[in-house]
Amino acid sequence: MHGRGTGRPDQAAHDLYLRILRHGGWIDRAEVAAADRPALEHLLALGLLLARPESDVCTAVNPRTVGDRISAELRAEGTRLLVQAAQLPQALDDLTKAYDTAPRPTDRAGTVHHVQGLGAVIRRFAEVEADCRQEILVAQPGRPRHAHQLEDALERIGRFCGRGGRIRVIYAPGAVRDQATADHTARGTELGARFRVLAEPFRHLHIFDRRIAVLQSADDLRSATFIEDPATVDHFLAVFERDWVRSGRLLWNPDQASAPESTAHEQVGRLLAQGLTQRAIAGRLGLSERTVAGHIARLRELHDAETLFQLGWQLRGARTGEPDG
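Cut-off values and rules
- Residues numbered from 1 in each chain as written.
- Predicted model: local features only at pLDDT ≥ 70, side-chain atom pairs only at ≥ 80, totals over all residues.
- Heavy atoms only, no water.
- Helix = DSSP H or I, 4+ residues; strand = E, 2+ residues; numbered from the N terminus.
- 1 Å grid on protein atoms, 1.4 Å probe; cavity = no way out; pocket = protein on both sides within 12 Å on 5 of 7 lines; lining within 4 Å.
- Points joined across faces, edges and corners; volume = space filled by probe spheres on them.
- Nonpolar A, V, L, I, M, F, W, Y, C, P; charged D, E, K, R; others polar.
- Patch = residues over 30% accessible without salt bridge, like charges linked within 9 Å, V, L, I, M, F, W, Y side chains within 5 Å.
- Areas by Shrake-Rupley, 256 points an atom, 1.4 Å probe, with all protein chains shown as cover.
- Salt bridge = Lys/Arg side-chain N within 4 Å of Asp/Glu carboxyl O.
- Pairing = 2+ DSSP bridges.
- Axes fitted to C-alpha atoms, helices over the stretch in contact; angles between N-to-C directions.
- Contact = heavy atoms within 4.5 Å.
- Buried < 20%, exposed > 50% of the residue type's maximum accessible area, 1.4 Å probe, protein only.
- Phe/Tyr/Trp six-rings, centres within 6.5 Å; stacked < 30°, edge-to-face > 60°.
- Lys NZ or Arg CZ within 6 Å of the ring centre and 35° of its normal.
- Parallel < 35°, antiparallel > 145°, perpendicular 65-115°, else oblique.

Undergrad: I'd like to hear about unusual backbone geometry, residue by residue, with values.
TA: Backbone geometry places D209, a non-glycine residue, at a positive phi of 55°. Relative to the helices and strands, D209 resides in the loop between strand 8 (205–208) and strand 9 (212–216). Phi at R210 takes a positive value of approximately 55°, unusual for a residue other than glycine.

Undergrad: Explain the layout of surface pockets residue by residue, including any values.
TA: Looking at the largest pocket, its volume works out to about 1300 Å³. Along the walls of the largest pocket sit 40 residues, with F125, E129, R145, A153 and R156 positioned nearest its centre. Every element with two or more residues in the lining of the largest pocket is listed here: helix 4 (93–101), helix 5 (118–131), strand 5 (135–140), helix 6 (147–162) and strand 6 (166–171). No other element matches the 8 residues that helix 6 contributes to the lining of the largest pocket. Here the lining of the largest pocket is built from residues that sort into 18 nonpolar, 8 polar and 14 charged.

Undergrad: Any chance you could break down a nonpolar patch on the surface for me, citing the residues and the numbers?
TA: A cluster of nonpolar residues, L88, L92 and L95, forms a patch on the protein surface that exposes about 280 Å² of accessible area. Of note, L92 is situated in the loop between helix 3 (63–91) and helix 4.

Undergrad: Explain the sheet that holds strand 3 (residues 57–60) to me, using residue names and the numbers behind them.
TA: Read from one edge of the open sheet, 3 strands run 1-3-2, paired in antiparallel fashion. Looking at the sheet topology across the chains shown, the edges are occupied by strand 1 (26–28) and strand 2 (49–51). Averaged over neighbouring strand pairs, the angle between their axes works out to 25° when direction is ignored. Relative to strand 3, strand 2 runs antiparallel, the two sharing 3 bridges. Within strand 3, the position partnered with A51 by the bridge is C58. The sheet strands contacting helix 2 (residues 37–46) are strand 1, strand 2 and strand 3, and the helix crosses strand 2 at an angle near 90°.

Undergrad: Which residues make up the pairing of strand 9, and what are the values?
TA: By the criterion of burial, strand 9 is predominantly enclosed, with 5 of the 5 residues buried. Neither face of strand 9 is open: one carries I212, V214 and Q216, the other A213 and L215, and all of them are buried. Pairing of strand 8 with strand 9, which is carried by 3 bridges, proceeds in the antiparallel orientation. The residue of strand 9 that forms the bridge with H206 is V214. Where strand 8 folds back on strand 9, the antiparallel hairpin that results is connected by 3 residues, among which D209 adopts a positive phi of roughly 55°.

Undergrad: Explain the packing of aromatic side chains residue by residue, including any values.
TA: For the structure on display, the rule yields 4 aromatic pairs. Relative to F195, the ring of Y171 has its centre 6.0 Å away and its plane inclined at 10°; by these criteria the two rings are stacked. On the criterion of sequence distance, the pair formed by Y171 in strand 6 and F195 in strand 7 (residues 194–197) is long-range, its members being 24 residues apart. Neither Y171 nor F195 differs from the other in exposure class; each is buried. With a centroid separation of 6.0 Å and 20° between ring planes, the pair formed by F240 and W244 is classed as stacked. Residue F240 and its partner W244 are located together in helix 9 (residues 230–246), separated by 4 residues, close to a single helical turn. With a relative accessible area of 1%, F240 lands in the buried category. One aromatic cluster is present, built from ring pairs that chain together F125, F208 and F226. Seen from the ring of F226, R124 lies directly overhead, with NZ or CZ sitting 5.5 Å from the centre.

Undergrad: Give a detailed account of the side chain of Q216, specifying residues and quantitative values.
TA: With respect to the helices and strands, Q216 occurs in strand 9. Beyond its immediate chain neighbours, meaning those up to four positions away, Q216 contacts F125, R203, H204, H206, L221, S223 and A224.

Undergrad: Could you give me a rundown of the packing of helix 1 (residues 11–22) against helix 2, with the residues and numbers involved?
TA: It is at 8 Å that the axes of helix 1 and helix 2 come closest, and there the two elements cross at 85°. Classed by the angle they form, the pair helix 1 and helix 2 counts as roughly perpendicular. Seen from helix 1, the contacting residues are A12, A13, L16, Y17 and I20; seen from helix 2, they are A39, L40, H42 and L43.

Undergrad: Explain the pattern of salt bridges to me, using residue names and the numbers behind them.
TA: Oppositely charged side chains can form a pair if their charged atoms are brought close together. All chains considered together, the criterion is met by 16 salt bridges. The partner of D131 in a salt bridge is R211, with the nearest N and O atoms 2.7 Å apart. Taken as a pair, D131 in helix 5 and R211 in the loop between strand 8 and strand 9 lie far apart in primary sequence, 80 residues in all. For D131, a relative accessible area of 13% corresponds to the buried category. R168 is the salt-bridge partner of E241, the closest N and O atoms lying 2.7 Å from each other. Taken together, the positions of E241 in helix 9 and R168 in strand 6 put the pair 73 residues apart, joining distant regions of the chain.

Shown next as structure tokens:
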């Protein structure tokens, strides 16, 4: 870099450069006030001023020339960093293999870590996810994430599922109505992840390899609790599995990935109204009979139906506009 800076002039240097231009484009270093000397040195470091070796006079340099030089230096530095980034995983390959084969601590009872601060939470999430080998479970009730976050998540899904991992995600209905989230879900499904929608209140939850549960305090990741206590993790695992059974599968229209069809819960009700049996509904939707029975039980609660016949009658009435009876 020839000893020159690669940043922008600060405000003091910017103002001094303009004053030099107004005074003919040159300045005598001996005449510079003490308060302006840091700005002068900054301009010299950037190359916006050129010191004449035979005197104390400094002359202004065309900022366009300086900008082209600095841009070229930054691009060269960026290329060097990209090459280093590409080579780093291979350089750490032997350490990664040793870490993966090393025995893990077995006594984690009572381990709970409260992490504060966006940067610290993101770093801890990355560490836990990198250590995960088999399964990631996610309950995501919050607002849709930004497009770049979804793209990063898609890359991680591809890598994880590509090496045999399983991913299941529960979204709130509002999230999948978002175009970027819907496209992400469709592409993630192609990579091997599974997504469902739960039209009930639920909280943020991540579970990694059924041994670490993570509770977020909010969408913005300002704080999170990482839990490794087996009994507590088992509790949250049961909560997730319960919500997974109660949630609806996403069935995508190939021509419009952003338009998920009705949830399995609604589909069960529609087919039940058509007179199909529990077994026939399970076969039609590709669900187990036990799952269909769970949806039917919830529908009976919602419609206050004492029998399956009464529920079917009420659902038919709701679909045709006839009164329940």
